[in-house]
Amino acid sequence: MLRHEFQPGRLVAGTFLTLAGVMYAGDAGGAWETPWFVIVPVVTGGLCLAGAVALVTGLIRRRREPDTPR
């Protein structure tokens, strides 16, 4: 049994923020050179994509919920 509901928007946001962290860590470790301005589109694009995924997920869940009388 799940302890909480799955939220794919948070998964997408976490993935892109982790990617940004890995990019900075690789630059700090000397593995590659990452310009500072590359992180801005990665983070903003990831957050926009996460918002879109969360919106679609909310619409799908709202459509599937049974009608409950009040």
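Our structure's up above, just so we're on the same page.
Residues numbered from 1 in each chain as written. Predicted model: local features only at pLDDT ≥ 70, side-chain atom pairs only at ≥ 80, totals over all residues. Heavy atoms only, no water.

## Remarks on the overall build of the chain
What counts here: Segments assigned H or I by DSSP are reported as helices when at least four residues long, segments assigned E as strands when at least two residues long, and all are numbered from the N terminus. Only the C-alpha atoms count toward the radius of gyration. The rule for a globule is 2.2 Å times the residue count to the power 0.38. Burial classes follow relative accessibility: with a 1.4 Å probe on protein chains only, a residue under 20% of its type's maximum area counts as buried, one over 50% as exposed, and anything between as partly exposed. The Shrake-Rupley method, run with a 1.4 Å probe sphere, supplies the accessible areas, and residue values consider only the shown protein chains as cover. Counted as positive: Lys and Arg. Counted as negative: Asp and Glu, with His and the chain ends omitted from the count. Every charge is mapped onto a representative atom, which is NZ of Lys, CZ of Arg, CG of Asp or CD of Glu.
If you tally the helices and strands in the chain, you get two helices and zero strands. For 70 residues, the compact-globule estimate of 2.2 N^0.38 gives 11 Å, and the C-alpha radius of gyration of the chain, at 17 Å, exceeds that figure by more than 25%. Taking the principal axes of the C-alpha coordinates as reference, the chain spans close to 60 × 25 × 15 Å. Considering the chain as a whole, with its 70 residues, one finds that 19% of them fall into the buried category. Within the structure as shown, the chain displays about 6,000 Å² of accessible surface, and the carbon and sulfur contribution to it stands at 66%. Measuring between centres, the 7 positive side-chain charges of the chain sit 13 Å from its 5 negative side-chain charges.

## A closer look at the side chain of T57
Put simply, the rule reads: Between N or O atoms, a polar contact is any pair within 3.5 Å; within protein, one atom must be a potential hydrogen donor and the other a potential acceptor, and residues adjacent in sequence are included only when both atoms are from side chains.
Here T57 shows up in helix α2 (residues 39–64). Judged by relative accessible area, T57 falls into the buried class, the value being 16%. Only 2.7 Å separates the side chain of T57 from the backbone oxygen of V53, close enough to count as a polar contact.

## Overview of the pattern of salt bridges
The condition is simple: One speaks of a salt bridge when a side-chain nitrogen belonging to Lys or Arg is within 4 Å of a carboxyl oxygen belonging to Asp or Glu.
Counting across every chain of the model gives one salt bridge. Among the salt bridges present, the one from E5 reaches R61, with a minimum N-O distance of 3.3 Å. In this pair, E5 sits in the segment before α1 (8–29) while R61 sits in helix α2, placing the two residues 56 residues apart along the sequence. Classification of E5 as partly exposed rests on a relative accessible area of 48%. The exposure class assigned to R61 is partly exposed, which follows from its relative accessible area of 30%.

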